Amino acid sequence: FGFIEIGTVTPVGQPGNEKPRLFRLPKDEALINRMGFNNGGSKAAAARLKKRRSKIIVGGNIGKNKVTPNEDALSDYVKCFDDLFDVVDYFAVNVSSPNTPGLRALQDKEPLLHLLLTLQQRNLSKGNPKPILLKIAPDLTNGQLDDIIQIVAESGIAGVIATNTTIERAPLISSAAEIAACGAGGLS
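Keep in mind that this is a model prediction, so the values were computed, not measured.

Rules and cut-offs
- Residues numbered from 1 in each chain as written.
- Predicted model: local features only at pLDDT ≥ 70, side-chain atom pairs only at ≥ 80, totals over all residues.
- Heavy atoms only, no water.
- Helix = DSSP H or I, 4+ residues; strand = E, 2+ residues; numbered from the N terminus.
- Contact = heavy atoms within 4.5 Å.
- Polar contact = N/O pair within 3.5 Å; in protein donor to acceptor, adjacent residues only side chain to side chain.
- 1 Å grid on protein atoms, 1.4 Å probe; cavity = no way out; pocket = protein on both sides within 12 Å on 5 of 7 lines; lining within 4 Å.
- Points joined across faces, edges and corners; volume = space filled by probe spheres on them.
- Nonpolar A, V, L, I, M, F, W, Y, C, P; charged D, E, K, R; others polar.
- Core = buried A, V, L, I, M, F, W, Y, C linked by side-chain atoms within 4.5 Å.
- Buried < 20%, exposed > 50% of the residue type's maximum accessible area, 1.4 Å probe, protein only.
- Pairing = 2+ DSSP bridges.
- Phe/Tyr/Trp six-rings, centres within 6.5 Å; stacked < 30°, edge-to-face > 60°.
- Axes fitted to C-alpha atoms, helices over the stretch in contact; angles between N-to-C directions.
- Parallel < 35°, antiparallel > 145°, perpendicular 65-115°, else oblique.
- Left-handed = near helix turned anticlockwise from the far one by under 90°.

S.K.: Can you break down the environment of Asn99 residue by residue, with the values?
M.R.: As for its placement among the helices and strands, Asn99 is situated in the loop between β5 (90-94) and α3 (109-125). Between the alpha carbons of Asn99 and Gly186 there is a distance of 7.0 Å; along the sequence they are 87 residues apart. Apart from residues no more than four positions distant in its own chain, Asn99 is found in contact with Asn17, Asn33, Arg34, Met35, Gly36, Gly185 and Gly186. Only 3.1 Å separates the side chain of Asn99 from the backbone oxygen of Asn33, close enough to count as a polar contact.

S.K.: Requested: an account of the layout of surface pockets, with residues and values cited.
M.R.: If you add up the space inside the largest pocket, you get close to 300 Å³. Along its surface, the largest pocket is lined by 17 residues, and Gly7, Thr8, Phe37, Asn94 and Lys135 are the ones closest to its centre. Here the element with the most residues in the lining of the largest pocket is strand β1 (residues 3-9); it accounts for 4 residues. Tallied by class, residues from the lining of the largest pocket come to 4 nonpolar, 11 polar and 2 charged.

S.K.: Can you lay out the nonpolar core for me, pointing to particular residues and giving the numbers?
M.R.: Grouped together as the largest cluster of nonpolar side chains are 35 residues, with contacts concentrated most on Ile62, Tyr77, Leu84, Val93 and Leu119. Put simply, the parts of the chain that give this core at least two residues each are α1 (42-50), β4 (57-62), α2 (73-84), β5, α3, β6 (132-136) and α4 (142-155). Counting residues per element, this core draws most heavily on α2, at 6 residues. The residues touching Leu84, leaving out its near neighbours within four places in the chain, are Val9, Ser42, Ala45, Ala46, Leu49, Gly60, Ile62 and Phe91. Core analysis: the second largest hydrophobic core is formed by 8 residues, Phe23, Leu25, Ile32 and Leu187 among them.

S.K.: Can you lay out the sheet that holds strand β2 (residues 22-25) for me, pointing to particular residues and giving the numbers?
M.R.: Taken together, the 3 strands give an open sheet; going across it, the order is β2-β3-β8, and neighbouring strands pair in antiparallel fashion. One side of each edge strand has no neighbouring strand; the edge strands of this open sheet are β2 and β8 (186-187). Relative to strand β3 (residues 30-33), β2 runs antiparallel, the two being bridged by 4 bridges. Along β3, the bridge assignment pairs Arg24 with Leu31.

S.K.: Could you give an account of the packing of aromatic side chains, with specific residues and numbers?
M.R.: Using the criterion set out here, one finds 4 aromatic pairs in the structure. A centroid spacing of 5.5 Å and a plane angle of 55° characterise the contact between Phe81 and Phe85, whose relative ring orientation is tilted. Each member of the pair, Phe81 as well as Phe85, carries the same accessibility label: buried. Geometrically, the ring pair formed by Phe81 and Phe91 is tilted, given 4.4 Å between the ring centres and 35° between the ring planes. Here Phe91 lies in strand β5 and Phe81 lies in helix α2, a separation of 10 residues in the sequence. When sorted by exposure, Phe81 lands in the same class as Phe91, which is buried. One aromatic cluster is present, formed by Phe81, Phe85 and Phe91 through successive ring pairs.

S.K.: Let's hear about the packing of α2 against α3: which residues, and what values?
M.R.: The contact between α2 and α3 brings their axes to 10 Å, and the two run at 25°. What the angle tells us is that α2 and α3 run roughly parallel. Between α2 and α3 lies a crossing whose hand is right-handed. Contacts between α2 and α3 pair Leu74, Tyr77, Val78, Phe81 and Asp82 from the former with His114, Leu115, Thr118, Leu119, Arg122 and Asn123 from the latter. In terms of residue class, the contact of α2 with α3 is made up of 6 nonpolar, 3 polar and 2 charged.

If you want it as structure tokens, here you go:
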């Protein structure tokens, strides 16, 4: 592998969504997942990464805890950013998972610009800045994509990861019953 991306990491560990949370659709060669950012928290991730001996590039995919309201999300991202800064090579800012309630609202222009400007300012103040990438949803409208382009340019982040999983089900050939049995989640 050329690199490994860990996460999504949240400031406080959380168990993720109830199991089962991963479903296969063999006819479509697809998966539906609703993992829910199951992880041990940013301090635990940093402690494990400090022990690594490999020189492989490691990215830290960061997000907010499920119980954190969107108006407090910035503090979750900053905590993850600070905890992981010395042990990762780049950051993926995840505001696009369909499996954390309300998370995709953080892709709206004002909250997203504020989040990325804050992280980039913190990044540049460290003296050895890391690339910051924004992970976006494939379900954005053209207007939202125009906003994303403007936000990326204005914030000065390194780039975009296109894309996370989709909530769209139209292209699937599996039966409606099979798809319904999987329930909510992101389609790969």
